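Chains, contacts and geometry: an overview
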Protein chains: 4
Amino acid sequence: MSKRIGLLTGGGDCPGLNPAIRGAVIQAMELGYECWGLEEGWKGLIEGNARKLALEDVEGIVGQGGTILGTSRTNPFKKEKGVEKALASMKSLNLYSLIAMGGEDTLGVAQRLYAEHQVKVVGVPKTMDNDLSATDYTFGFDTATSVAVDAAERLIDTGKSHRRVMVLEVMGREAGWVALFTGIASGADYIAIPEKPFDEAEMIEQIKTAYARKKHALVVVSEALKFSKPASNGAAVPDKDDFGHTLLKAQGTGDTLAEMIEKGTGIETRASVIGHIQRGGKPTLFDRILATRVGVKAAQMTHAGQFGRMAAMKGSEITDASLKEAAGTLKKVSADWIYMAQTLSMKREIVSR
Amino acid sequence: MSKRIGLLTGGGDCPGLNPAIRGAVIQAMELGYECWGLEEGWKGLIEGNARKLALEDVEGIVGQGGTILGTSRTNPFKKEKGVEKALASMKSLNLYSLIAMGGEDTLGVAQRLYAEHQVKVVGVPKTMDNDLSATDYTFGFDTATSVAVDAAERLIDTGKSHRRVMVLEVMGREAGWVALFTGIASGADYIAIPEKPFDEAEMIEQIKTAYARKKHALVVVSEALKFSKPASNGAAVPDKDDFGHTLLKAQGTGDTLAEMIEKGTGIETRASVIGHIQRGGKPTLFDRILATRVGVKAAQMTHAGQFGRMAAMKGSEITDASLKEAAGTLKKVSADWIYMAQTLSMKREIVSR
Amino acid sequence: MSKRIGLLTGGGDCPGLNPAIRGAVIQAMELGYECWGLEEGWKGLIEGNARKLALEDVEGIVGQGGTILGTSRTNPFKKEKGVEKALASMKSLNLYSLIAMGGEDTLGVAQRLYAEHQVKVVGVPKTMDNDLSATDYTFGFDTATSVAVDAAERLIDTGKSHRRVMVLEVMGREAGWVALFTGIASGADYIAIPEKPFDEAEMIEQIKTAYARKKHALVVVSEALKFSKPASNGAAVPDKDDFGHTLLKAQGTGDTLAEMIEKGTGIETRASVIGHIQRGGKPTLFDRILATRVGVKAAQMTHAGQFGRMAAMKGSEITDASLKEAAGTLKKVSADWIYMAQTLSMKREIVSR
Amino acid sequence: MSKRIGLLTGGGDCPGLNPAIRGAVIQAMELGYECWGLEEGWKGLIEGNARKLALEDVEGIVGQGGTILGTSRTNPFKKEKGVEKALASMKSLNLYSLIAMGGEDTLGVAQRLYAEHQVKVVGVPKTMDNDLSATDYTFGFDTATSVAVDAAERLIDTGKSHRRVMVLEVMGREAGWVALFTGIASGADYIAIPEKPFDEAEMIEQIKTAYARKKHALVVVSEALKFSKPASNGAAVPDKDDFGHTLLKAQGTGDTLAEMIEKGTGIETRASVIGHIQRGGKPTLFDRILATRVGVKAAQMTHAGQFGRMAAMKGSEITDASLKEAAGTLKKVSADWIYMAQTLSMKREIVSR
């Protein structure tokens, strides 16, 4: 009888999970395994909720957004008897090993199940934010950022027509990659990311210069941006108001910047937030290929017995990395990238030459 | 010397203005006129800000979003000496007539200039909301709604993966056309528009039924929705809170519905708003053709001396209508459409059969 | 027991069939009927190959290309005992009536089954060519032409970069609608359709003028174009060569025009053919709405007993028309449209002004 | 006075040239240089045809296909006094150095001008085929392959509806990368590339198996495929016919495979060729970022005096490589990739398990 691999997807959904599932399942079948899909991430393992995956289930999903397995943020280590139940399901479902696809949280659980309970686990990293240090790129990022670029280009049309400054707020819980790539690829006049201390005066100056030349301007800002100081003109808001309410959560970084800009430049300014729309949709070519490769790799790693590890992209190769590493330091935008972004958004110095 | 036509685009920008400009200019040239573009709507006429449009300016713009002429909401009748200055510009720029492209406001000004000051004006209707009663379709609507459908499909991917209800709030200042078409074309499980009295219990019931079957659901709601009564469970909010603040403006209809649904069904629910992103981008084929046709028609009407009128779509023909009519009654979603939308969102009765 | 409606799709597939199926099935369920899907057009009826369609089968297909029922060009009147078998299947499957979706051929069979054998049939027209005279628009056309416009815009990029003339050959078996709309919506410099006698000298002149101004040019040609005379320079080919072989089939109108242009202007010219790629893909908003409406209408017509008729679009209304009419005269591009296309492709006269 | 850099784009155009130009120009300005655009590749240098590039010329082109500089296949070493004239233009235009963007041919000229005439040249590699061994990825490839995947998905819709096998022929002059990525990303049932000896029997077997399961199948084939032997059933054609005519050029690999498949399986089969449509259009996010990075790098290399070299992508870093190397060995699809593609197209062995 074939050994059974349990497959699950956890955390926020993103484009690429389905091609990754397809890659893992078909490669596993080719190597002689059976794949069982656990429903809704770790929840499915806790509840013993699984179904056998046939070729027919996965062969047509390479271009589909989301995940056919469903996902959740359930963490067995935070659930009453969660780990106990998960281990019991491994037995009752007769699972030889697991392939866990997800971000920091999902992979963290995988790592602990491996280290503390000797569960045979292989990880597949996934985050739209592209901030896992153990891998060069994670699938989902290219698609999500492409959606943001498309939105940015729409805003440019409106900005040009109305002679306005447009602000686009994009995803990124801690790192600025989505904002950085969106800004470079749409020709933004200012990009605000958490890795670079926010300088209101610089932003105002840069927008004034761009506007003087073009009669419109585009700003891309990461939701993760922190405002280090109250703005001189009162537009910037601290994390809490006088009564202790969290203001930024209510308002968003996009709206905050738009207010600052309108006050600082006198130019009509509008903000938009992409939000959940960025999560879905058909994966791009890049994400389909990357997701397929890491999915295939995870099945090969299972066959080779490389447990406690995850598939990773290093350069143009797919290799493997320790799951421990994955839960390690965040990959932040480097100084080189910041320099390039600043050059391209055309600082005053260039223009005046 | 050729007679000069002044061309302007006013109000909110929308996809289709550029192909309409192209159509008008090339047809006018062919009929022996010169076209002068007035910058930023009526503002350009008031300030005498115009430039001659050559073939080179317009021949490549059929696929571009926005308007190369710029737009604004400036109204000469609301500006100090606005009309006086506009009339003076007609003379100083030596304009024989005007082609004014815009929505209710822009066309209203056109109508008054014609009726009260004998300015030779032809109108071209434009509104993404598709709510002008004098014409069957207005360009911009097809593109904007296509963007919304794309967003809806992305939300479905996420909804399916997370087993959530997703709510999408779309444009529509007074009529529900955008929400209606978005909902039908994305297979929404509930569509909430201002033309149909909002019934919270019905919505909750319908979503529960859809969710039971599919483990996810999609709701599309028009920003124009009005809540006729405070919801039984307190989720719905009146226009003002106890202190008289306008709450809906802050929260949006999407968020309001999402709260209602989460409370009423116990299912995790998320809302998204498209906002300004819906305004820009390349016009769809439908909008390019429609915009081209009404632009061409406006030049032909100018040549035929049909002033005080606007180009209109009736059936599959382009005809003309009185500008007075255009400023008339709003075109609202009819009972037939509401019946069809309700049938397609699959009321409980069907399913239980 | 509910009455059973048999549903089939015949002829070439096109985007919109799935939303039409969805509309018909859900409306029919709401009116108390059961729907049975016949596999691969009339073939399914002849062979008695059908399955019951549940809500689950159709509710998610509004955005899918192709047809879930399959299609074929099988014609019962051309098959040995085809009609006999079809009538037998009506009985054995216990079908009360049929809804037949397709083009001229499919609807022709429907008409004959109704007229000669009293089969209760309602038709739903479909043709990417948009050439059915009994209806203003048919679904599939907007999507297919949108694909062609996208291709045209790609070719313009290449034409500009290489200073070339690009020729795009698009679908259209007898009428030039696809080429006309593609050409207008992409700003083509010449549009060649069967409804306008082909004039090689005019084309060469027009391209030279456009090229002189822009250093590139775009020509859109319908596959249906007929060359009325051998070209003066020998580039144009008659339908048959000296040995009686059909040449155009081998070469295509696009390649033929490209050769003519390269010889007549001395400018490097390249041709592309879209072919089958134009048939598939997600239906556009316009096609989803139109297809849904005619599908819904077909179910309503069934309920109202309007057999021997088909759903049709007249203006912005969905109405019904005789199936006999549908098989009638072809809808060709009218003189008004040809005048507009010629104006927009900027004849020499305008430019020299 | 600022030093002047001459910029040119040569060879076949591709998406990404414009963002690369933008990156190079803005970075060069920031470093204190002036950029002059040479028209239509080496032709512009030979003829001394150039214009100064201002910020306004490049800041809005990041999302545009093609190249604003124009391109050609002109090679100064193959033109009468071509090199002499090029060197004279360097002087008369007062050019300090060159940045040459192009494929093997363009970079080969750059290399010789550097090695034989001491011209200060930096190269930027470009090829849609992705077959330059000196760099991991070249811009243009992601966009062109994305267009092919879109076409493949459209063909799948049609294939499913008509129960057909569909064959898609894609670009690739010598290497199979475009076909490989297109096939993996669209879930093709067979991928035929020049790097793997073509085995007709294997293909027929694999398609029969896929068709038995799904009632349709997709084949992706590279235009570069060579048929090593005449097919057993006579369908395959050698490079030349009995009279020495090149047959494949006339027919194409797609048509050839389609004939083979129809004869070998008895299933209706259709072929499509993308052709020139694959070259144009907006660059994808991946290509915009990559192109921007290598453009920026080329300006930095100019400043650092790294002549005779080109910008290259190694892993996720942009580095530099010798121009000599660039003209070296072709990067072909490796055995690992072939194994993965074969696994994913689901060989018979898997299915029978």
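Quantities reported herein were computed from a predicted structural model and do not represent experimental measurements.

Quick word on the overall build of chain A
A count of helical and extended segments in chain A gives 13 helices and eleven strands. Computed over the C-alpha atoms, the radius of gyration of chain A is 23 Å, within 12% of the 20 Å expected from 2.2 N^0.38 for a compact globule of 353 residues. Taken along the three principal axes of its C-alpha coordinates, chain A extends 70 × 45 × 30 Å. Each of the 353 residues in chain A was classed as buried or not, and the buried ones make up 63%. Considering only intrachain contacts with a sequence separation of at least 6, the fraction spanning at least 24 residues in chain A is 75%.

As for unusual backbone geometry
If you check the backbone angles, A:Q118 has positive phi at about 55° while not being a glycine. Along the chain, A:Q118 turns up in the loop between α5 (104-117) and β5 (121-125). Overall, the presence of 11 C-beta atoms within 10 Å leaves A:Q118 in the exposed class. Located in the positive-phi region is B:N130, a residue other than glycine, with phi close to 60°. Within the secondary structure, B:N130 is located in the loop between β5 (121-125) and α6 (141-162). B:N130 sits in the buried class, given 24 other C-beta atoms within 10 Å.

Comments concerning the environment of B:D136
Note that B:D136 resides in the loop between β5 and α6. Exposure remark for B:D136: the 19 C-beta atoms within 10 Å place this residue in the partly exposed category. Taking C-alpha positions, B:D136 is 9.0 Å from B:K331, a pair spaced 195 residues apart along the chain. Not counting chain neighbours up to four residues away, the residues in contact with B:D136 comprise B:M313, B:K314, B:G315, C:G315 and C:S316.

Overview of the relation of the copies chain A and chain D
Mapping chain A onto chain D is achieved by rotating through 180° and translating by 0.0 Å along the same axis, at an RMSD of 0.0 Å. Such a turn and shift between the copies fits a two-fold axis. Across chain A, the smallest distance between a C-alpha and the rotation axis is recorded for A:G315, namely 1.5 Å. When the interface residues of chain A are mapped onto chain D, 100% of them are again interface residues, pointing to one common binding face.

Let's talk about the interface of chain A and chain D
The partner chain D presents 37 residues to the 37 residues of chain A that form the contact. Going through the elements one at a time, α1 (17-30), α6 (141-162), α7 (177-186), α10 (285-304), α12 (335-344) and α13 (348-352) of chain A are the ones with two or more residues in the side of chain A that touches chain D. For the side of chain A that touches chain D, the element with the highest residue contribution is α10(A), accounting for six residues. By residue class, the composition of the side of chain A that touches chain D is 17 nonpolar, twelve polar and eight charged.

Some thoughts on the sheet that holds strand β1 (residues 4-9) of chain B
All names here are of chain B. Taken in spatial order, the seven strands line up as β3-β2-β1-β4-β5-β10-β11 in an open sheet, and their pairing is mixed. Here the strands that pair on one side only, and so sit at the sheet edges, are β3 (50-52) and β11 (317-322). Put simply, the sheet's adjacent strands are angled 30° from each other on average, direction ignored.

Here's the deal with the interface of chain A and chain B
At the interface, 26 residues of chain A touch 26 residues of chain B. Looking at the side of chain A that touches chain B, the elements with two or more residues in it are α6 and β9 (269-273) of chain A. Here the side of chain A that touches chain B gets ten residues from one element, more than from any other, and that element is α6(A). Grouping the amino acids of the side of chain A that touches chain B by side-chain chemistry returns four nonpolar, 13 polar and nine charged.

Comments concerning the pairing of strand β5 (residues 121-125) of chain C
Residues and elements named next belong to chain C. When you tally the buried positions in β5, you get five out of five residues, the bulk of the element. Neither face of β5 is open: one carries V121, G123 and P125, the other V122 and V124, and all of them are buried. Here strand β4 (residues 97-102) pairs with β5 via five bridges, running parallel. The residue of β5 that forms the bridge with L98 is V121. After leaving β4, the chain enters helix α5 (residues 104-117) and then returns to the sheet as β5, a path that is right-handed. Across two bridges, the pairing between β5 and strand β10 (residues 309-314) is parallel. In the sheet register, G123 faces β10, and the bridge partner there is M310.

Notes on the domain arrangement of chain A
Residue and element names in this part refer to chain A. Once the domains are mapped, chain A shows domain 1 (4-140 + 283-326) and domain 2 (141-279). Each side of the interface is counted separately: domain 1 has 16 residues, and domain 2 has 13 residues. Grouping the amino acids of the side of domain 1 that touches domain 2 by side-chain chemistry returns six nonpolar, six polar and four charged.

Let's talk about the confidence of the model for chain A
All names here are of chain A. Residues with a pLDDT of 70 or more make up 91% of chain A, whose mean pLDDT is 91. Predicted confidence for residues 236-250 stays below pLDDT 50, and this span has 19 contacts to residues more than four positions away or in other chains. Predicted as a complex, the structure gets a pTM of 0.93 and an ipTM equal to 0.92.

Here's the deal with the sheet that holds strand β3 (residues 50-52) of chain C
Residues and elements named next belong to chain C. Pairing is mixed across the open sheet formed by seven strands, whose spatial order is β3-β2-β1-β4-β5-β10-β11. In this open sheet, the two edge strands, each paired with only one partner strand, are β3 and β11 (317-322). Neighbour-to-neighbour, the strand axes of the sheet open up by a mean angle of 30°, direction not taken into account.

Concerning the pairing of strand β4 (residues 97-102) of chain A
Consecutive residues of a regular strand have side chains that alternate between opposite faces of the sheet. All names here are of chain A. Across the six residues of β4, six count as buried, placing the element largely inside the fold. Alternating residues of β4 divide into S97, I99 and M101 and L98, A100 and G102, and every residue in both groups is buried. Here strand β1 (residues 4-9) runs beside β4; their pairing, made up of five bridges, is parallel. Counterpart to L8 in the pairing with β4 is A100.

Conventions adopted
Numbering of residues begins from 1 in every chain and follows the order in which that chain's sequence is written. Chains carry letters from A onward and ligands carry numbers from 1 onward, assigned in written order. With pLDDT at 70 or above as the cut-off, local features in this predicted model cover only qualifying residues; side-chain atom pairs require 80 or more to be listed or tallied, and sums for whole chains, interfaces and linings still use all residues. Each helix is a run of DSSP H or I of at least 4 residues and each strand a run of E of at least 2, with the numbering of both proceeding from the N terminus. Here the radius of gyration uses the C-alpha set of atoms, whereas the globule reference equals 2.2 Å times the residue count to the power 0.38. The burial label depends on the number of other C-beta atoms within 10 Å of a residue's C-beta. Counts of 20 or more mean buried, 12 or fewer mean exposed, and intermediate counts mean partly exposed, with C-beta atoms placed from the backbone. Any residue pair is listed as a contact if its two C-beta atoms, each placed from the backbone, are within 7 Å. Residues below a pLDDT of 70 in either copy are left out; the C-alpha atoms of the rest, at least 70 in both, set the least-squares superposition of the copies. Note that Gly is not counted as nonpolar here; it falls among the polar residues with everything else outside the nonpolar set of Ala, Val, Leu, Ile, Met, Phe, Trp, Tyr, Cys and Pro and the charged set of Asp, Glu, Lys and Arg. Whether two strands pair comes down to DSSP finding at least two bridges between them. Throughout, an axis means a line fitted to C-alpha atoms (over the contacting stretch in the case of helices), and angles, computed between N-to-C directions, take values from 0 to 180 degrees. Crossovers are described as right-handed under a simple rule: with the strands pointing away from the observer, the path leading from the first strand over the helix to the second runs clockwise. As used throughout, domain bounds are those supplied by an automatic or database domain assignment. Confidence scores here are pLDDT values: one per residue, from the predictor, ranging 0 to 100.

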